[in-house]
Amino acid sequence: MEDLTARERFLRACRGEEVDRPPVWLMRQAGRYLPEYREIRARASFLEACADPELAVEISLQPYRRFGMDAVIVFSDILIPLTGLGVSLDFAPGPSVANPIERASDLERLAGDVAPAMEPTCEAIRRLRAELGPEVPILGFAGAPWTLAAYASEAKLSRDVERLVVSSYTEPSFLDALLDRMAEITTRTLELQIEAGADAVQIFDTWAGVLSSPRFRRFAGRALARVIEALPSGHPPVILFARAAAHLLEDLAELGADVVSVDWRVDLADAALRVGQRVSLQGNLDPAALRASPATIARAVEQLVEAGSKARGHVLNLGHGVLPTTPIDGVRAFVEAAMRARG
Ligand code: CP3
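Residues numbered from 1 in each chain as written. Predicted model: local features only at pLDDT ≥ 70, side-chain atom pairs only at ≥ 80, totals over all residues. Heavy atoms only, no water.

Quick word on the environment of Arg312
Move 1: With respect to the helices and strands, the residue Arg312 is situated in the loop between α13 (294–308) and β9 (314–318).
Move 2: Residues Arg312 and Tyr169, 143 residues apart in the sequence, show an inter-C-alpha distance of 37 Å.
Move 3: Apart from the residues lying within four places of it in its own chain, the contact partners of Arg312 are Cys14, Arg15, Gly16, Asp258, Gly276, Gln277, Arg278, Val279 and Ser280.
Move 4: Polar contacts involving the side chain of Arg312 include one to the main-chain carbonyl oxygen of Asp258, which spans 3.0 Å.
Move 5: Engagement of the side chain of Arg312 in a polar contact is seen with the side chain of Ser280, the distance being 3.2 Å. (Helix = DSSP H or I, 4+ residues; strand = E, 2+ residues; numbered from the N terminus. Contact = heavy atoms within 4.5 Å. Polar contact = N/O pair within 3.5 Å; in protein donor to acceptor, adjacent residues only side chain to side chain.)

So, in C-alpha cells, the structure goes:
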C-alpha cells in the first residue's frame, strides 16, 4: 500500500486497519538516557520541567528530532494531576507523598479540579501541534485509578503495593470510594488532553499485575472500564498498559480500550491468539535488549513484527519504559529496524 503519514499509520494500527508497517514509539522516549534531557534537568527539577510548557515541549521533541519515531508523547507524569489536589508530591527521583490518603476522611483532600495542574501539559500539547502540524500523532496519557491510588496511599510505595491490596480485604468500601474518585481524576485528565488535541491516549496501570484476575476485575478493572466509558463519544484511541500482567490479558481486552500494551514477559504471538480481534496490541521488546548490538536488536524487531502480524493491529514499542542506562545507539537501532519492517 502507499506510504501513510505517521498519524494515519498510528491511528490505523490502533483500530486494526491495514498499514504499510507497524508504527513505532518508545515509552519514556524522553528521559535521562538523552544528554540533552540531562542538560535541561541540570537547570530545572522534574516538577519544574513538567510545569513549564516551553521546557515540556522541548523535552517531548528531543527524541523525535534524533530518531523520528511515529509518535510524540507529551512530557509530564501520571502523578501531575494529584499535585493540584491535596497531595504533597516530591520526586527524589522516585515519587514520595508527604500526606498519603489513608482513610475515608482523607478523601476530602482529593476534591477539586485537576485542570489547573494539567494546564501546562495541555498548553504543551497545543504548542506541539503547532510545531509538528497535523501529520505526527501526539499522545496524551494518565495513570489508571488503581495505580494512582497506589502512589497516593503510601509515603513511599511498598513492594507489591501492600497497603492497597490489604485494604481490598479489610476495607473494600473505602477502596471503592478511593477508586471512584481516582476514576474521575483519570477521566478528567484524559478529557483535558483530548480537548487540547491529543490524537490517542495511553492509560498506565503499572501496578495492576499484583492483583489476581478476579480481584483485578472487582477493583482495578471496574474503575478502568468506568474511565473508558466516561470519555466523550468518538474519542481518540485508548491504549491500556499494564506491567507484569500476563495473567490479566483477557481481562484487559474486555475494558473498552482499542489497544492493550503488554510487557516483554508475554509472547506477542500468544497474546494475539488470546485476545483475538477484540483489541490491537502494543509492545513489547525488553528495555534491557537495547543494550545489545544493533544486529541483535534488528533481529528482535523482525521477530516482533512477525509475531505482531498475528494481532488485529500492532504498535511497536518496548515492554516498559526506556531505562536511564540505555545507549542512544540502541534506541536508534530499534527505530531504524522498525522503519525497515513491512507490515
Ligand atoms: O513516556 C514519556 O516519555 C512521557 C513522560 C512520562 C514520564 N513518566 C516521565 C518521567 C510518562 C508517560 C510517565 C509515566 C509514569 N510515571 C508511570 C507509568 C509508566 C511506568 O513507568 O510504569 C509511573 C509509574 C510514573 C511515576 C514515576 N515518575 C516514577 C515511579 C518515577 C521515578 C522512577 C523513574 O523511572 O525515574 C517518575 C519520574 C519520571 N517520570 C522521570 C521521567 C522522565 C524521571 C525524572 C527525572 O528526570 O529524574
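A look at the site of the ligand
Move 1: Looking at the ligand, there are 23 residues lining it, with Arg28, Arg32, Tyr37, Thr206 and His320 nearest.
Move 2: In this structure, an oxygen atom belonging to the ligand sits 2.8 Å away from a side-chain N or O atom of Arg41.
Move 3: Between the ligand and Thr206, the relevant distance is 2.7 Å, taken from an oxygen atom to a side-chain nitrogen or oxygen of the residue.
Move 4: Protein coverage of the free-state accessible area of the ligand, which is 870 Å², stands at 89%. (Near = heavy atom within 4 Å. Areas by Shrake-Rupley, 256 points an atom, 1.4 Å probe, with all protein chains shown as cover.)

Some details on the sheet that holds strand β7 (residues 259–261)
Move 1: One open sheet accounts for seven strands, arranged β1-β4-β5-β6-β7-β8-β9; its pairing is parallel. Bordering the open sheet on either side are β1 (72–73) and β9, each of which pairs with just one other strand.
Move 2: In this sheet, β9 lies alongside strand β8 (residues 280–285) in parallel orientation, the contact comprising five bridges. By the bridge assignment for β9, Asn284 is matched with Asn317.
Move 3: The sheet strands contacting helix α9 (residues 172–196) are β4 (138–143) and β5 (200–205), and the helix crosses β4 at an angle near 165°. (Pairing = 2+ DSSP bridges. Axes fitted to C-alpha atoms, helices over the stretch in contact; angles between N-to-C directions.)

A word on the side chain of Ser153
Move 1: Looking at where Ser153 falls in the secondary structure, it is placed in the loop between α7 (145–152) and α8 (162–170).
Move 2: Residue Ser153 is classed as buried on the basis of its relative accessible area, which comes to 2%.
Move 3: In this structure the side chain of Ser153 is engaged in a polar contact, spanning 2.8 Å, whose partner is the backbone oxygen of Ala149.
Move 4: From its side chain, Ser153 meets the backbone oxygen of Ala150 in a polar contact 3.3 Å long.
Move 5: Residues in contact with Ser153, not counting those within four places in the same chain, are Pro100, Ile101, Glu102, Arg163 and Leu164. (Buried < 20%, exposed > 50% of the residue type's maximum accessible area, 1.4 Å probe, protein only.)

Re the pattern of salt bridges
Move 1: As enumerated under the stated definition, the model contains 26 salt bridges in all.
Move 2: Here Glu36 and Arg66 are joined by a salt bridge, their closest N and O atoms 2.7 Å apart. On the criterion of sequence distance, the pair formed by Glu36 in helix α2 (residues 35–43) and Arg66 in helix α4 (residues 53–67) is long-range, its members being 30 residues apart.
Move 3: Arg222 is paired through a salt bridge with Asp176; the nearest N and O atoms lie 3.6 Å apart. Placement of Arg222 in helix α10 (residues 213–230) and of Asp176 in helix α9 is noted, with a sequence separation of 46 residues between them.
Move 4: Each of Arg9, Asp20, Arg21 and Asp70 takes part in one network of salt bridges that share partners. (Salt bridge = Lys/Arg side-chain N within 4 Å of Asp/Glu carboxyl O.)

What about the side chain of Asp205?
Move 1: Among the structural elements, Asp205 can be located in strand β5.
Move 2: We note that Asp205 is buried and unpaired, the nearest opposite charge coming from Arg243 at a distance of 9.5 Å.
Move 3: Apart from the residues lying within four places of it in its own chain, the contact partners of Asp205 are Ala144, Trp146, Thr147, Phe216, Ala220, Leu224, Phe241, Ala242 and Arg243. (Lys, Arg positive; Asp, Glu negative; His and termini not counted.)

With respect to α4
Move 1: Between its first and last C-alpha, α4 extends 22 Å over 15 residues, near the 21 Å set by a 1.5 Å rise per residue.
Move 2: Considering bend angle alone, the principal kink of α4 is centred on Leu61 and spans about 30°; proline Pro63 follows within four residues of it.
Move 3: When we look at burial in α4, the residues that qualify are Pro53, Leu55, Ala56, Val57, Ile59, Ser60, Leu61, Gln62, Pro63 and Phe67.
Move 4: The elements touched by buried residues of α4 are α2, α3 (46–51), β1, α6 (115–132) and α14 (328–340).
Move 5: For α4, the capping residue at the N-terminal end is Asp52, with a side-chain oxygen 2.9 Å from the backbone nitrogen of Glu54.
Move 6: Positive phi shows up at Gly68, right after α4, with a value of about 60°. (Expected span 1.5 Å × (residues − 1). Bend = angle between axes of the 7 residues up to and from the residue.)

Digging into the packing of aromatic side chains
Move 1: Considering all chains together, one arrives at five aromatic pairs under this definition.
Move 2: Both rings, one in Phe46 and one in Phe75, keep their centres 5.6 Å apart while their planes meet at 90°; by these two values the pair is edge-to-face. Taken together, the positions of Phe46 in helix α3 and Phe75 in the loop between β1 and α5 (80–83) put the pair 29 residues apart, joining distant regions of the chain.
Move 3: A relative accessible area of 15% places Phe46 in the buried class.
Move 4: Judged by relative accessible area, which is 7%, Phe75 ranks as buried.
Move 5: Clustering of aromatic rings is evident, with ring pairs tying together Tyr37, Phe46, Phe75 and Phe91. (Phe/Tyr/Trp six-rings, centres within 6.5 Å; stacked < 30°, edge-to-face > 60°.)

Quick notes on unusual backbone geometry
Move 1: Across the junction of Ala92 and Pro93, the peptide omega takes the value -10°, indicating a cis bond.
Move 2: Within the secondary structure, Pro93 sits in the loop between β2 (89–91) and β3 (95–97).
Move 3: Between Gly283 and Asn284 the backbone carries a cis peptide bond, its omega angle lying at -10°.
Move 4: Positionally, Asn284 belongs in strand β8.

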